[in-house]
Amino acid sequence: QTTVPAATRYPLFYESSAVSGTIDAAVFQNWSVAPGATEIRGAVAYGNANGTNRNGCDPYTDDMTDKVVLADRGVCTFTLKAKNASAAGAVLLLIGLVAPGDPFEGGDGGDRPITIPVFMINQTDSNLLEAQIANNVVAGVNPAQAINLAYTVVGSSSRGPRNHDNKIKPDIGAPGASVSAIAGSGAASGSFGGTSGAAPMVSGVAALLKEVHGSSLSLQEYKALLMNTANLEIWEGDPGSLLAPITRIGGGQVDAAAAYSSTLIAWDSTAEASATAMSSLAWTASLSFGYLAVASDQVYTRTLTIKNIGDTQQNVAIQSLFRYPADEGRGVTVTPGVTSASIPAGESIQVPVMLRVFPTGNQAAGQEGFHPWDVNKGALGASGDSLTIQEYDGYIEITPATGDPIHVVWHALPKAVADLSLSTNGTISGAGALINASPTVTGVVEVFDLLEVDANDYNYVVGDCSSAGLQPGCTASLVDLKEVGIVSTGVVSPNDLLLFAVTIWDSPFRAGQYPAGFDIYIDSDLDGSEDYIVFNADLALNGSDGRNVVFAYDVAADTITPAYFIDSTFNTQNFILPMDVELIGLAPGQPFRFSIRAFDTYFTGNLTDCAPKVGSACVWSDIYTPGQPRFTITGFEDGVAEAPPSGSIDFTWNLSQGGAQASPAHKGFLFMHRNALVGRESDHLMIGQLYLPIIQLGAR
């Protein structure tokens with residue numbers, strides 16, 4: 001969703017005895033009253049003086065005359081908050097978000113009368129105003145400072161790339177806020193917004209083009225024409241500030257006039273994308289190279305088809321451009337196979353487009369390596385800026401001798417990774433190595449005590465319902481456990497922190513934090529029932545935050561405590577859940593039992609797998625004692641080691657004195673690779689069964 005031409009940003013101001021400043025991210029709510037020509041200001045009130053009604057959902061009992069009311073988002077409609085503030089005499093309403101994220105234009109709940117301007121502000125600004133109320137903070141808006149926001153992305157519009165394959169989404173953008181007829185109301189109308197408003201804008205332009213071209217173009221060609229001619233000069237913030245990434249706008253903002261004038265169409269016709277008939281919607285007018293886990297210099301090629309829908313032959317120039325200068329010279333080049341071509345009327349040509357990647361740089365060309373990988377599901381789970389830095393995007397520009405150019409946007413998400421594999425001698429007390437076949441990239445590995453290895457129950461491909469025997473378009477996702485490990489660490493103090501390590505089978509990877517949810521049941525007193533549950537969820541516990549956090553649930557006290565951000569990156573099957581031992585009723589050296597259950601937390605909430613299990617029944621694990629593993633391993637300092645390019649991590653392992661009795665669930669070692677090829681992010685060494693006969697023999 002992009003903004004309507006009349007969209008306006010009104011910077012808000014605040015002043016107190018301690019601080020003063022400007023709130024630039026405020027979003028005006030179009031269903032409220034627009035600010036007039038004069039400044040509006042007032043003392044900030046956050047609910048009633050007695051601390052009630054801070055969300056503004058009830059009529060205010062305090063007199064709010066000439067005040068600026070701050071109300072928390074949630075519980076009731078935005079318009080009901082505005083109606084209550086208006087009735088109490090306020091001059092301005094500020095709706096503060098209660099979780100990280102960008103403010104947006106909220107829906108019109110239909111509550112009236114509303115007699116004041118209403119703005120939404122982010123959580124940080126809301127907290128700042130709340131904290132300054134004791135210092136008599138005043139806030140307001142000066143309409144003279146208003147900025148027109150035409151050709152910008154609306155903050156609430158979702159971004160790509162697509163979760164299960166990292167292809168470019170969305171395809172296109174359009175203004176989404178408008179005035180629409182209200183069904184069943186006669187002549188009444190109301191404001192309407194969101195991507196639900198942007199979609200009919202695109203549909204309307206497509207209908208106009210159909211009047212021009214009729215059945216001479218296929219459905220896909222109409223789509224391509226819209227994407228090829230959309231306006232790419234769309235901004236992330238104020239106009240002229242920062243161009244929006246391709247994974248927020250696709251081909252750009254729909255442009256009816258440009259689409260009408262164009263006599264060229266172009267699309268990705270790579271073989272795997274067009275294996276079926278053109279009418280199958282298999283291809284689209286963007287070049288998605290997707291997530292690339294790269295262990296050595298590589299070349300990826302896609303095929304671009306360019307069609308002349310004009311009446312005469314056209315000569316075209318072809319070039320590739322980066323979206324952001326910061327991406328140039330950072331290990332990625334995109335090059336069309338030809339720079340010029342002639343296309344007869346009504347005919348098409350095919351042009352290869354090569355993406356070359358150099359994970360550690362191309363010294364001959366003076367190129368550096370990829371941007372450092374700095375995205376995760378934890379602390380940066382709500383940071384779109386971090387993802388934008390990792391992405392490389394741009395567009396192939398096709399310019400005819402006469403007329404305006406068209407474009408096909410491209411996108412790649414490369415990561416420099418190692419090529420790791422496990423090698424052991426298979427002896428009872430022996431040695432092994434993790435061998436790195438990458439000639440240029442160092443591999444980072446963490447080792448955990450292996451407790452469970454679980455079968456591939458579903459052979460599930462993320463995003464493909466049929467792979468699990470489900471109907472196409474299913475609203476379900478299957479989280480399939482692969483390996484479970486644990487380690488105690490003395491980073492803060494000896495054995496005071498447990499790291500639960502979980503890997504899953506689901507192919508090829510899960511980009512975001514949902515729908516992989518894990519509940520770890522802790523039996524701290526060994527009585528056979530759970531005392532605590534360690535689980536992961538977004539910080540707000542309602543899916544609105546974006547940052548994945550590890551919580552401790554005390555069963556007896558019925559309390560939930562957030563502990564740490566989850567340790568898991570983007571596009572991975574590896575998850576590490578840190579937890580303080582004291583939050584789950586343990587002390588250093590105290591034995592406990594635990595089991596793990598995996599849930600589809602996004603769609604159904606259903607349990608999809610567990611470990612350990614007998615058949616399909618979930619059962620308790622054997623006893624594990626932090627700090628007293630069954631086996632010990634050398635070669636890792638504080639549990640971490642690096643495998644240099646074309647090198648290895650050499651390790652030895654042995655039976656630990658008393659470990660077989662203290663931690664009988666310990667079966668071997670789980671190696672988690674921080675940067676690895678897709679499907680090769682973990683290895684495990686199962687040695688527990690080798691020791692079992694010897695231990696039994698010694699007991700006789």
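**Structural notes on the packing of helix α3 (residues 195-213) against helix α4 (residues 219-228)**
Turning to step 1, where the next piece is worked out: For the pair α3 and α4, interaxial distance at closest approach is 11 Å and the crossing angle is 115 degrees. Judged by the sense of rotation from one axis to the other, the crossing of α3 with α4 is right-handed. Facing α3, whose interface residues are Val202, Val205, Ala206, Leu209, Lys210 and His213, α4 presents Tyr222, Leu225 and Leu226.
Turning to step 2, where the next piece is worked out: Classifying every residue of the contact of α3 with α4 gives 7 nonpolar, 1 polar and 1 charged.

**A short note on empty space enclosed by the protein**
The rolling of a water-molecule-sized probe over the atoms marks out the regions of remaining empty space.
Turning to step 1, where the next piece is worked out: As enumerated under the stated definition, the model contains 1 cavity of 30 Å³ or more in all.
Turning to step 2, where the next piece is worked out: Size it by volume and the largest cavity reaches roughly 40 Å³.
Turning to step 3, where the next piece is worked out: Forming the walls of the largest cavity are Tyr291, Pro508, Phe509, Asn571, Thr572, Gln573, Ala676, Leu677, Val678, Gly679 and Glu681.
Turning to step 4, where the next piece is worked out: Class assignment of the residues belonging to the lining of the largest cavity gives a composition of 6 nonpolar, 4 polar and 1 charged.

**Some points on the nonpolar core**
Turning to step 1, where the next piece is worked out: Phe500, Phe518, Ile522, Leu577, Ile584 and Phe594 are the most contacted members of the largest nonpolar core, which totals 31 residues.
Turning to step 2, where the next piece is worked out: Elements represented by at least two residues in this core include exactly β25 (481-489), β26 (497-504), β27 (516-523), β28 (532-538), β29 (548-554), β31 (574-580) and β32 (592-600).
Turning to step 3, where the next piece is worked out: Those residues in contact with Leu577 that sit more than four places away from it in its chain are Leu498, Leu499, Phe500, Phe518, Ile520, Val534, Asn536, Val550 and Ile566.

**Considerations on the sheet that holds strand β16 (residues 314-322)**
Turning to step 1, where the next piece is worked out: Taken in spatial order, the 5 strands line up as β14-β21-β20-β16-β18 in an open sheet, and their pairing is mixed. Every other strand in the sheet has two partners, leaving β14 (286-294) and β18 (340-343) as the edge strands with one partner each. Ignoring which end each strand starts from, the neighbouring axes of this sheet average 20 degrees apart.
Turning to step 2, where the next piece is worked out: Relative to β18, β16 runs antiparallel, the two being bridged by 4 bridges. Residue pairing in the sheet places Ala317 in a bridge with Ser340 of β18.

**A few points about the packing of aromatic side chains**
Any aromatic ring pair is given by two values, namely how distant the centres are and how the planes are angled relative to each other.
Turning to step 1, where the next piece is worked out: If you walk through the whole model with that rule in mind, you get 18 aromatic pairs.
Turning to step 2, where the next piece is worked out: Ring geometry for Phe500 against Phe594: centres 5.3 Å apart, planes inclined by 75 degrees, an arrangement best described as edge-to-face. One end of the pair, Phe500, is in strand β26; the other, Phe594, is in strand β32, and 94 residues separate them in sequence. In this structure, Phe500 and Phe594 share a single accessibility class: buried.
Turning to step 3, where the next piece is worked out: Through a chain of ring-to-ring contacts, the aromatic side chains of Phe500, Phe592, Phe594 and Tyr624 assemble into a single cluster.
Turning to step 4, where the next piece is worked out: The lysine or arginine in question, Lys482, covers the ring of Trp505, its NZ or CZ lying 4.9 Å from the ring centre.

**Considering the layout of surface pockets**
Turning to step 1, where the next piece is worked out: The volume enclosed by the second largest pocket comes to roughly 570 Å³.
Turning to step 2, where the next piece is worked out: Considering the residues around the second largest pocket, the lining is formed by 27 residues, among which Val447, Val487, Ser488, Asp638 and Gly639 are closest to the centre.
Turning to step 3, where the next piece is worked out: Breaking the lining of the second largest pocket down by element, the ones donating at least two residues are β24 (443-453), β25, β26, β31 and β37 (631-634).
Turning to step 4, where the next piece is worked out: Ranked by residues supplied to the lining of the second largest pocket, first place goes to β24 with 4 residues.
Turning to step 5, where the next piece is worked out: Looking at the lining of the second largest pocket, its residues break down into 15 nonpolar, 7 polar and 5 charged.

**Considering α4**
Turning to step 1, where the next piece is worked out: Taken across its 10 residues, α4 has 8 buried, putting it largely inside the fold.
Turning to step 2, where the next piece is worked out: Turning to α4, its buried residues number three or more, namely Gln220, Glu221, Tyr222, Ala224, Leu225, Leu226, Met227 and Asn228.
Turning to step 3, where the next piece is worked out: Elements that come into contact with the buried residues of α4 comprise α3, α6 (256-261), β13 (264-268), β14, β15 (298-308) and β21 (406-416).

Rules and cut-offs
- For every chain, the first residue of its written sequence is number 1, and the numbers climb from 1 along that sequence.
- Reporting of local features is limited, given that this is a predicted model, to residues whose pLDDT is at least 70; pairs of side-chain atoms are given and counted only at 80 or more, and all residues count toward the totals for whole chains, interfaces and linings.
- Only hydrogens and water are removed before side-chain values are computed, so all heavy atoms of the structure are retained for them.
- Each axis is a line fitted through C-alpha atoms, and for a helix only the stretch in contact is used; angles between axes span 0 to 180 degrees, taken between their N-to-C directions.
- Runs of H or I in DSSP of at least four residues are treated as helices and runs of E of at least two as strands, each being numbered from the N terminus.
- The handedness criterion is simple: a crossing whose near helix is rotated anticlockwise from the far helix by less than a right angle is left-handed, and one whose near helix is rotated clockwise is right-handed.
- It only takes one pair of heavy atoms within 4.5 Å for two residues to be counted as in contact.
- Amino acid classes used here: Ala, Val, Leu, Ile, Met, Phe, Trp, Tyr, Cys and Pro are nonpolar; Asp, Glu, Lys and Arg are charged; the rest, including Gly, are polar.
- Points on a 1 Å grid over protein atoms alone make up a cavity when a 1.4 Å probe fits among them but cannot get out, and a pocket when they form an open set with protein on both sides within 12 Å along at least five of seven lines; lining residues each have an atom within 4 Å of a point.
- Grid points are joined across faces, edges and corners, and a volume is the space filled by probe spheres set on the points.
- Nine residue types can take part in a nonpolar core, namely buried Ala, Val, Leu, Ile, Met, Phe, Trp, Tyr and Cys, and a core is a set of them joined through side-chain atoms within 4.5 Å.
- Throughout this description, buried means an accessible area under 20% of the type-specific maximum (1.4 Å probe, protein chains only), exposed means over 50%, and partly exposed covers the range between.
- A strand pair is defined by DSSP finding two or more bridges across the two strands.
- What counts as a ring pair is set by centres within 6.5 Å for rings of Phe, Tyr and Trp (its six-membered ring), and what kind of pair is set by the plane angle: stacked under 30 degrees, edge-to-face over 60, tilted for all other angles.
- Placement of a positive charge over a ring is assigned whenever Lys NZ or Arg CZ falls within 6 Å of the ring centre and within 35 degrees of the normal to the ring plane.

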